[in-house]
Structure formats: C-alpha cells, structure tokens
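Below, each chain spelled out in residue letters.
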Amino acid sequence: VQLQASGGGLVQAGGSLRLSCAASGGTLSLYSVGWFRQAPGKEREFVGATSWGGGVTNLADSVKGRFTISRDNAKKTADLQMNSLNPEDTAVYYCAADRLPFRSGSQDRGEYEIWGQGTKVTVSS
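Here the structure is a predicted model, which is why all the values come from computation and not from measurement.

Definitions and limits used
Residues numbered from 1 in each chain as written. Predicted model: local features only at pLDDT ≥ 70, side-chain atom pairs only at ≥ 80, totals over all residues. Heavy atoms only, no water. Phe/Tyr/Trp six-rings, centres within 6.5 Å; stacked < 30°, edge-to-face > 60°. Helix = DSSP H or I, 4+ residues; strand = E, 2+ residues; numbered from the N terminus. Buried < 20%, exposed > 50% of the residue type's maximum accessible area, 1.4 Å probe, protein only. Lys NZ or Arg CZ within 6 Å of the ring centre and 35° of its normal.

Enumeration according to the criterion identifies five aromatic pairs in this entry. Each ring, one from Trp 52 and one from Phe 102, has its centre 5.0 Å from the other, and the planes form 85°; the classification is edge-to-face. Placement of Trp 52 in the loop between strand 5 (45-50) and strand 6 (57-59) and of Phe 102 in the loop between strand 9 (91-101) and strand 10 (112-115) is noted, with a sequence separation of 50 residues between them. A relative accessible area of 35% places Trp 52 in the partly exposed class. Note that Arg 44 overlies the ring of Tyr 94, its terminal NZ or CZ placed 3.7 Å from the centroid. We note Arg 44 situated over the ring of Trp 115; from NZ or CZ to the ring centre the distance is 5.0 Å.

What follows is the structure, given as structure tokens:
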C-alpha cells in the first residue's frame, strides 16, 4: 500500500485546514493511521492517530481541542481536521500506516511502517 497526504497550504492564524491521507495499491482498513509533523530543525512529532476501525483516536496534548481525526475505510482515507491553527503548527505533516494490523494507534513513529510523502502547512501570524 502507498499513502499520499494532501491538503496542506498557507493559512492565517485562527484558520482551518483539512488534510487527507489516501491509500492506494492495497488495503488500509486493517491498520491504524498516524499523523506526524516535522517543523524545520525539529524532530518529527506525533500529532494524532486513529485505530484500524476508527473507533479510537488519540491526539497529542498540543492539538487536543483543535484537531480531530477521522477515517473512511470504504474510501481508504484518513483525515486530519485542523482548526484554530497557530504559527506553531507550521510543519510538514505526514500520515503513516501501522506496521501491524488491528491496533489502536501509537504515538511512537517506530510503530509505523508506511509513510506518505508529507504535505506542508504554513500558518502566518
């Protein structure tokens, strides 16, 4: 399976963006999907994850209350809705598929095997 993240762009502080992670060439429905981000000069950090069935989501404290994750297994997509964006959210955002099936989604990027190419989000002040 291959993943492609899309939906990034330039937005003003306080605005919203919706990122989408689309799978092709295989099935995504059995695997949790994580979203990570990497700002310039910083390590890649966990943003959130959705379990393989979509019933469990896990968000980093820094985005709780502002970001939500959803998935549509029929469409093989997992979306990250980002509201109330601030300049600290500026980063390249990546989606990734779990290396094992039937899990709830981990904050550890080492637990993800397949990564999308990233989509850049820039939040201006």
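Looking now at unusual backbone geometry. In this structure, Lys 76 takes a positive phi of about 60° despite not being glycine. If you trace the backbone, Lys 76 turns up in the loop between strand 7 (67-72) and strand 8 (77-82). With phi around 50°, Ser 84 is a residue other than glycine that occupies positive phi space. Mapped onto the elements of the fold, Ser 84 is located in the loop between strand 8 and strand 9. You can call Ser 84 partly exposed: its relative accessible area is 43%.

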